[in-house]
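Given next are the chains, with one letter for each unit.
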Amino acid sequence: RLFGPDGVEEKGWWGQRTSAAFRTRAQCLGRYYASYSTPGQAVDGNKTLSEDIADTAGLRLAFEAYLRQPGRGDQGTGQDRPARKDFFLAWAQTWCHLSTDRMRAYSALRDPHAPAHVRVNAALSQFHPFAETYRCAAGSAMTQGRRCGLW
């Protein structure tokens with residue numbers, strides 16, 4: 001929101017109503033990420049917010065680009081779309097790693113990103129095509145809470 005359509009920094013190009021709506025939706029996302037924790041540490045949804053916004057936007061854009069490719073998830077519905085499952089699995093594996101308790105504690109204090117498992121679960125649980133593809137029941141772990149609808 002701080003950059004114009006040409007990628008040049010343009011502060012103030014959003015109107016007051018647009019800026020207020022964005023802040024409200026972003027606060028929703030921050031509260032949602034803050035509802036997650038890692039052993040011994042809650043996620044600071046305010047500290048991770050800009051990266052959480054980037055993760056959710058990146059997921060949406062990558063999925064839209066994926067669907068534009070021939071033969072990618074455009075046949076069938078829900079679980080009958082194995083290509084969509086492949087997309088979500090590959091996306092989640094991006095953050096697949098092991099870390100020690102000490103590293104997790106350090107990251108919680110210093111890293112502007114949510115912990116890896118939160119980056120995966122929180123972003124996917126906010127993304128309707130994921131719930132549709134895997135037929136996640138309402139109220140299940142991957143459909144919990146309110147969808148913030150930032151984009």
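Look up a bit, the structure's there.
In short, a report on the structure.

Reading guide: rules and limits
- Residues numbered from 1 in each chain as written.
- Predicted model: local features only at pLDDT ≥ 70, side-chain atom pairs only at ≥ 80, totals over all residues.
- Heavy atoms only, no water.
- Helix = DSSP H or I, 4+ residues; strand = E, 2+ residues; numbered from the N terminus.
- Buried < 20%, exposed > 50% of the residue type's maximum accessible area, 1.4 Å probe, protein only.
- Contact = heavy atoms within 4.5 Å.
- Polar contact = N/O pair within 3.5 Å; in protein donor to acceptor, adjacent residues only side chain to side chain.
- Axes fitted to C-alpha atoms, helices over the stretch in contact; angles between N-to-C directions.
- Left-handed = near helix turned anticlockwise from the far one by under 90°.
- Nonpolar A, V, L, I, M, F, W, Y, C, P; charged D, E, K, R; others polar.
- Core = buried A, V, L, I, M, F, W, Y, C linked by side-chain atoms within 4.5 Å.
- Disulfide = S-S within 2.5 Å.

A separate point is the environment of Cys-148. Looking at where Cys-148 falls in the secondary structure, it is placed in the segment after helix H6 (128-134). The buried category is assigned to Cys-148, whose relative accessible area is 6%. With residues near it in sequence (within four places) discarded, Cys-148 still touches Arg-25, Cys-28, Leu-29, Tyr-32 and Gln-126.

A few words now on the environment of Ser-125. Along the chain, the position of Ser-125 falls in helix H5 (residues 116-125). The residues contacting Ser-125, other than those within four sequence positions of it, are Tyr-32, Tyr-36, Ala-141, Met-142, Thr-143 and Arg-147. At 2.5 Å, the side chain of Ser-125 forms a polar contact with the side chain of Tyr-32.

Running from N to C, helix H2 (residues 49-67) and helix H3 (residues 82-93) point in directions that differ by 145°, and their axes come no closer than 11 Å. Note on packing geometry: the crossing formed by H2 with H3 is right-handed. On H3, the residues touching Asp-55, Leu-59, Ala-62, Phe-63, Tyr-66 and Leu-67 of H2 are Ala-83, Arg-84, Asp-86, Phe-87, Phe-88 and Trp-91. Of the residues that constitute the contact of H2 with H3, the class distribution is nine nonpolar, no polar and three charged.

For the rest of this paragraph, the subject is the nonpolar core. Leu-29, Tyr-33, Ile-53, Leu-59, Phe-88, Val-118 and Leu-124 are the most contacted members of the largest nonpolar core, which totals 31 residues. Those elements that place two or more of their residues in this core are helix H1 (16-34), H2, H3 and H5. Setting aside residues no more than four positions away along its own chain, Leu-124 makes contact with Leu-59, Phe-88, Trp-91, Phe-130 and Met-142.

Let us now look at the side chain of Arg-119. Inspection of the secondary structure puts Arg-119 in helix H5. A distance of 2.7 Å separates the side chain of Arg-119 from the side chain of Asp-55, its partner in a polar contact. Setting aside residues up to four positions removed in sequence, Arg-119 forms contacts with Tyr-33, Asp-55, Trp-91, Trp-95, His-113 and Ala-114.

The next point concerns the packing of H3 against H5. Orientation of H3 relative to H5, taken along the N-to-C sense of each, is 145°, at an axis distance of 9 Å. Contacts between H3 and H5 pair Phe-88, Trp-91 and Ala-92 from the former with Arg-119, Val-120, Ala-123 and Leu-124 from the latter. Of the residues belonging to the contact of H3 with H5, the class tally is six nonpolar, no polar and one charged.

Turning to the state of the cysteines, a few remarks are in order. Put plainly, two cysteines are in a disulfide when a covalent bond ties their sulfur atoms together. One pass over the structure, following the stated rule, counts one disulfide. The disulfide partner of Cys-28 is Cys-148, and the S-S distance across this bridge is 2.3 Å. Between Cys-28 and Cys-148 the sulfur-sulfur dihedral comes to about -75°; the bridge is accordingly left-handed. Of this pair, Cys-28 sits in helix H1 while Cys-148 sits in the segment after H6, placing them 120 residues apart in sequence. Across the pair, Cys-148 and Cys-28 agree in class, each one buried. Cys-96 carries a free sulfur, and the closest cysteine sulfur to it, the one in Cys-136, is 19 Å from it. Cys-136 takes part in no disulfide bond, and the closest cysteine sulfur, belonging to Cys-148, lies 17 Å away. Accessibility expressed as a relative area gives 22% for Cys-136, which makes it partly exposed.

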